Amino acid sequence: MKNHILRSTMMFAAGAFVMGAGAYFWPQPEIKASVANGNDKFTMVTVPVTETGEIEAVFVLNHLTGQLVGGAIYNQTGKFGYSFMHNVAADFQTSSKTPEPKYAIVSGTASLQSSGGVQPSYGVIYIGELSSGAVIAYGFPRPNTRNVGKAMPLVKLDFFKFADSIGQ
């Protein structure tokens, strides 16, 4: 009986050692996350441009004007060679009658299909606005050497309503 318990304990210890060593030496996937930060006047968010996350774009949403402006570093030069611009206030149909638009912005990923020779970025931007009760998804073109230095537009992909419109 003692031999059986000793053998079982040794087998368990050997298995635990092998599993621990395997977990230690197995390559760990790199974890990357988008970041958003801001206040009641503006919000910044990072968005992955490529599947590997080697390139990110940063977008700033001005809550006072509804302008979404972004940029991406060009070819590891350390310079913002790509820029993006879009008026989200027009998409949410906010106006001077809207007391104070309340925006929220986050980023995500999507595997979008190319269209018209334009390769879309891997990341998408989701913007919600309280008075309209809507969330709109935006895509943007993947930067390439042809569009260096040009302000590229964002594309409204789709939207959904999360609440009835208020304050208009």
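The present account deals with the structure reproduced in this document.

Cut-offs and rules
- Residues numbered from 1 in each chain as written.
- Predicted model: local features only at pLDDT ≥ 70, side-chain atom pairs only at ≥ 80, totals over all residues.
- Heavy atoms only, no water.
- Pairing = 2+ DSSP bridges.
- Helix = DSSP H or I, 4+ residues; strand = E, 2+ residues; numbered from the N terminus.
- Axes fitted to C-alpha atoms, helices over the stretch in contact; angles between N-to-C directions.
- Phe/Tyr/Trp six-rings, centres within 6.5 Å; stacked < 30°, edge-to-face > 60°.
- Buried < 20%, exposed > 50% of the residue type's maximum accessible area, 1.4 Å probe, protein only.
- Expected span 1.5 Å × (residues − 1).

**Things to note about the sheet that holds strand E2 (residues 42-48)**
Within the open sheet, the 6 strands sit side by side as E1-E2-E3-E4-E5-E9. Their pairing is mixed. Edge strands, defined here as strands with exactly one partner in the open sheet, are strand E1 (36-38) and strand E9 (151-153). Pairs of neighbouring strands in the sheet enclose a mean axial angle of 25°, with direction left out of account.

**Some details on the packing of aromatic side chains**
For the structure on display, the rule yields 4 aromatic pairs. Each ring, one from Phe59 and one from Phe84, has its centre 5.4 Å from the other, and the planes form 40°; the classification is tilted. On the criterion of sequence distance, the pair formed by Phe59 in strand E3 (residues 56-62) and Phe84 in strand E5 (residues 80-87) is long-range, its members being 25 residues apart. Pair check on accessibility: Phe59 and Phe84 agree, each one buried. Judged by centre distance (4.9 Å) and plane angle (65°), the rings of Phe84 and Phe140 are edge-to-face. Placement of Phe84 in strand E5 and of Phe140 in the loop between strand E8 (134-139) and E9 is noted, with a sequence separation of 56 residues between them. Phe140 shares its class with Phe84; the two are buried. A network of ring pairs unites the aromatic residues Phe59, Phe84 and Phe140 as a single cluster.

**Details of helix H1 (residues 2-25)**
The end-to-end C-alpha distance of H1, which contains 24 residues, comes to 35 Å, matching closely the 34 Å that a straight helix rising 1.5 Å per residue would cover. Here H1 lies mainly on the outside; 0 of its 24 residues are buried.

**Overview of the sheet that holds E8**
Read from one edge of the open sheet, 4 strands run E6-E7-E8-E10, paired in antiparallel fashion. Where the open sheet ends on each side, the last strands, each with one partner, are strand E6 (103-109) and strand E10 (155-161). Looking at each pair of strands side by side, their axes are set apart by 20° on average, direction ignored. Across 5 bridges, the pairing between strand E7 (residues 123-129) and E8 is antiparallel. The residue bridging Ile127 from the neighbouring strand is Ile136, located in E8.

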